[in-house]
Amino acid sequence: MNENYVLLYGPKKVEDIIFATNMFKHTRFIPIGWTKNSKEIINKTVEEEISNNISQIIFWGLEDGWDYTIEKIKKEHPEIKIKVICNTSNSLLYYEYERRNFVKMLDLSTNDKIDDIGFLRKNMYDVYSKLGYKSSYILENLQFKESHKKAKTGEILQIGFYPFNYTWDKNIYNQLSIGKFLKDCVINYNFIDKKMEEFLKVMNINSQKETIENTEILPTAQEIQPIDINNIADTVCKNDINIACDFTDYVHTLYFLSMENDTLCIIGNNSELFDEGLVVNSEDNPIEISKKIEEAVANKETIMQNYKKWKSEYNIASEESINKFINK
Amino acid sequence: MEQFRKLKQWFSEKFQHDSLIYRIVDKTYHWLSSIKYDLTHSSSVKNAKQRRHFAKQVKNAIKIINEQYKDSEYIALYNPTWLGVANSTKGLFTNTVPLEQVFGRLKIRAVAKAIIKANIKTIIFSQIVDGWVDVLKKVKKSNPNVKIKVIWHANNFEVMSDYTWDLNKKVLKLYDEKYIDEFAFVKKSMVEFYNRAGYKARYLTNNVHLDESQMKSNKQTDFNRIQVGVYNANSRELKNVYNQLCAVKLIDGAIADIVPTNEQITKFAKMINLEHTSLPDYIDTKDLLNRCIENDINSYITFTECSPMVPLESFEAGVPCLVGSNNDYFQNSKLKSYVVVEREDDPVYIKDKMIECLKNKEEVMELYKQWKEQYDEDCKRYVKEFIED
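Calculation criteria
Residues numbered from 1 in each chain as written. Chains lettered and ligands numbered in written order. Predicted model: local features only at pLDDT ≥ 70, side-chain atom pairs only at ≥ 80, totals over all residues. Pairing = 2+ DSSP bridges. Helix = DSSP H or I, 4+ residues; strand = E, 2+ residues; numbered from the N terminus. Axes fitted to C-alpha atoms, helices over the stretch in contact; angles between N-to-C directions. Contact = placed C-beta atoms within 7 Å. Core = buried A, V, L, I, M, F, W, Y, C linked by C-beta atoms within 7 Å. Buried ≥ 20, exposed ≤ 12 C-beta atoms within 10 Å, placed from the backbone. Domains from an automatic or database assignment. Nonpolar A, V, L, I, M, F, W, Y, C, P; charged D, E, K, R; others polar.

Peer 1: Report on the sheet that holds strand β2 (residues 96-98) of chain B, specifying residues and quantitative values.
Peer 2: Residues and elements named next belong to chain B. Spatially, the six strands line up as an open sheet ordered β2-β1-β3-β4-β5-β6, and their pairing is parallel. In this open sheet, the two strands that pair with only one neighbour each are β2 and β6 (201-203). On average, each strand axis in the sheet is tilted by 25 degrees relative to the strand beside it, whichever way the strands run. Pairing analysis gives five bridges linking strand β3 (residues 122-126) to strand β4 (residues 147-152), with the strands arranged parallel. Residue pairing in the sheet places Ile124 in a bridge with Lys149 of β4. The strands that helix α15 (residues 361-388) touches are β1 (74-78), β3, β4, β5 (182-185) and β6; relative to β6, the one it contacts most, it runs at about 155 degrees.

Peer 1: Describe in detail the sheet that holds strand β10 (residues 241-244) of chain A, supporting the description with residues and values.
Peer 2: All names here are of chain A. Spatially, β9-β8-β7-β10-β11-β12 is the arrangement adopted by the six strands of the open sheet, whose pairing is parallel. Edge positions in the open sheet fall to β9 (207-210) and β12 (279-280), since each of these has one partner strand only. Against the sheet, helix α10 (residues 286-298) makes contact with β7 (157-161), β10, β11 (264-268) and β12, and its axis sits at roughly 150 degrees relative to β11, the strand it touches most.

Peer 1: Lay out the nonpolar core with the relevant residues and their values.
Peer 2: Ranked by size, the top nonpolar core spans 139 residues in total, and within it Met105(A), Cys265(A), Ile266(A), Leu245(B), Leu322(B), Val323(B) and Val339(B) carry the most contacts. Residues within four places of Leu245(B) in sequence aside, it is in contact with Val230(B), Ala256(B), Phe268(B), Ala269(B), Ile272(B) and Leu274(B). Listed in part, the 53 residues of the second largest apolar core include Val97(B), Ala112(B), Ile124(B) and Val139(B).

Peer 1: Please set out the domain arrangement of chain A residue by residue, giving values where relevant.
Peer 2: Residue and element names in this part refer to chain A. For chain A, the assigned domains read domain 1 (5-138) and domain 2 (157-311). Between domain 1 and domain 2, the C-alpha centre-to-centre distance is 28 Å. Opposite the 25 residues of domain 1 that make contact, domain 2 presents 21 residues. At the level of elements, α1 (14-23) and α2 (36-51) are the ones that each hand at least two residues to the side of domain 1 that touches domain 2. Examining the composition of the side of domain 1 that touches domain 2, we find that seven residues originate from one element, α1, more than from any other. Of the residues belonging to the side of domain 1 that touches domain 2, the class tally is twelve nonpolar, eight polar and five charged.

Peer 1: I'd like a rundown of α1(A), residues and numbers included.
Peer 2: Residues and elements named next belong to chain A. Burial runs high along α1: eight of the ten residues are buried. Of the residues making up α1, those classed as buried are Val14, Glu15, Asp16, Ile17, Ile18, Phe19, Ala20 and Met23. Considering only its buried residues, α1 is in contact with β1 (5-9), β2 (27-29), β3 (56-60), α8 (229-236), α9 (253-259) and α11 (300-327).

Peer 1: So what about the interface of chain B and chain A? Which residues, and what values?
Peer 2: Listed by partner, the interface residues are 34 residues for chain B and 35 residues for chain A. Among the elements that line the side of chain B that touches chain A, the one with the most residues is helix α8 (residues 188-196) of chain B, at four residues. When the residues that make up the side of chain B that touches chain A are grouped by side-chain class, the tally is 17 nonpolar, nine polar and eight charged.

Peer 1: Explain the environment of Lys59(B) residue by residue, including any values.
Peer 2: Checked against the element boundaries, Lys59(B) lands in helix α3 (residues 48-68). For the pair Lys59(B) and Val171(B), spaced 112 residues apart in the sequence, the C-alpha separation amounts to 25 Å.

Peer 1: Residues and numbers for unusual backbone geometry, please.
Peer 2: All names here are of chain B. Across the junction of Val259 and Pro260, the peptide omega takes the value -10 degrees, indicating a cis bond. Among the secondary structure elements, Pro260 is positioned in the loop between β8 (255-259) and α10 (263-271). The phi dihedral of Asn232 is positive, around 50 degrees, even though this residue is not glycine. With 19 C-beta atoms packed within 10 Å, Asn232 lands in the partly exposed category. Positive phi, close to 60 degrees, is recorded for Asn240, a residue that is not glycine.

Peer 1: Before we move on, can you summarise the domain arrangement of chain B with the specific residues and values?
Peer 2: Residues and elements named next belong to chain B. Per the domain assignment, the segments of chain B are domain 1 (2-36), domain 2 (48-203) and domain 3 (227-375). Counting residues at the interface gives eleven residues for domain 2 and seven residues for domain 3. A per-element tally of the side of domain 2 that touches domain 3 places helix α4 (residues 83-92) first, with four residues. Split into classes, the residues belonging to the side of domain 2 that touches domain 3 amount to four nonpolar, five polar and two charged.

Quick look at the structure:
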């Protein structure tokens, strides 16, 4: 593999930081280019890397201000390859910020300022490669050295729900509603908005709020502490099962954090990758999510065996897709 | 009020907040504020023209109640400016009364008085609009035997909206205080959720019947020139417009009809070089149906729904319509496998479903007819039980 690269990632989403720093070896943080100061930090970081004789710079997403950086690099160092990993999906383009930067990314590709776009969703790759954009498909992945699964301590079914962002796509209240459909359960949830607590109280749903440390990152951050996935795994893997039935996702954080640590995780039908025993078709239907939870808990052994078998092959395929992207 | 506010401020500085005198002044201030608000509330009514409009529509609703529904079994109030809810209510009930926001105590009293005087057994509020809570309370206080029922046209996804959640809490409180006798939801999982949460709730599901005179599509599909309608998809993130447009783009020679569109959608369509026709504004249902029947297929693949009207309108007009996996339609029918899209955020999958549906269009429409017969019966039964029980 070509080791002569650096991947630059920003503070937009916790998920981005987790996957960028775990899928790639050589990574550095840069802020979003909103201010003069942040632009200076970006330029300084890029110059430092270029002085180390790197041959390519990969950006995890295209955030505000990064387009200027890309144009500057291409102008001053045309020999350096620039690649961008797309950290959005068509479903998120409703938002002006996402759409603006997605369009910029495609424009930069059209004007040969970006040499390749890495898509984390197969269907995004299919669409935009068909439209003529230089594209690759990268298989998202997380791996752990050792399992963080904890022994079960009580009879009550522990369900974990850990969105990192309070946004529509996280389908928060339909997922919290499952507490009305499962007997003897508690929902342990990442407390990111006080309305979550209020809803659970009004609807009398048994729950426990939690906070996952070091994951409250502001998009305006100029520097960040590394996020240790082992810490997150310690929190989320005490549950019998976790849920992440989001309407759309380009990376599946809770799924990999859980499944890698012998903890089940139910997800929405928003990826081509996963076992249908864990996939909910109607994400806005808490009854269906609840049934899926019951089935998955009952079939845990088989599901985990299948996962391990699938994952060992998937790890190889993912690594190959990353190498192919870097070496292209 | 301004003088009193200054007086309250003075008290605030001079007295402890838990002192008796401060508490009396504070309570009095809030009481007077709420009276002023009740009498003159016009935060949404910016000018004289709007005030005249709101006064006129209240007068019109009272006239309808007086002239058409005296001693009736029920009436269903709906806001005519909320198109989806309006069409839903008119599709479900015969005795309907259009009523927008009711501002000010005098107007609230007038509407409540008209309802009480008309001696109607059941009052159905199709969703809750500003001012309706006070109407509802006055009616129930005046005659506790009148049944008050509220249709909540939302699912728990909408708790994200502060406005909806505040309203949600308000109506639940009204139920706890026995002003509301029963809820109805147009999504089965919501009925089950609220029943389990201790609220009496029933199931209703929307319906559409087109007049025989309204044109029915008999278009033969030209697979080199498939036309896809993408309607009412511009307003919110959950409408999933960009994936649907990408799906159309993936079909060679296909063209999209987008109503309404907006600047962002138009730019996106241009960026992906999608051939399309469009209109910038919402149009009434009749005009939309006239466009709809020109299409081979319509696409209403959203992320979350209760009982969406567009797919029913499309099928009734003779055009198959794909929907997301988020409603109670087409259960136990083979039709589901053709028209329900389980992976809403996957344009490649959507494209495949569009083509599969069109290749089996005749069977799809036949399956719809069979499904609709039973659905019509069920709808009638649900409405009858909701009104009478």
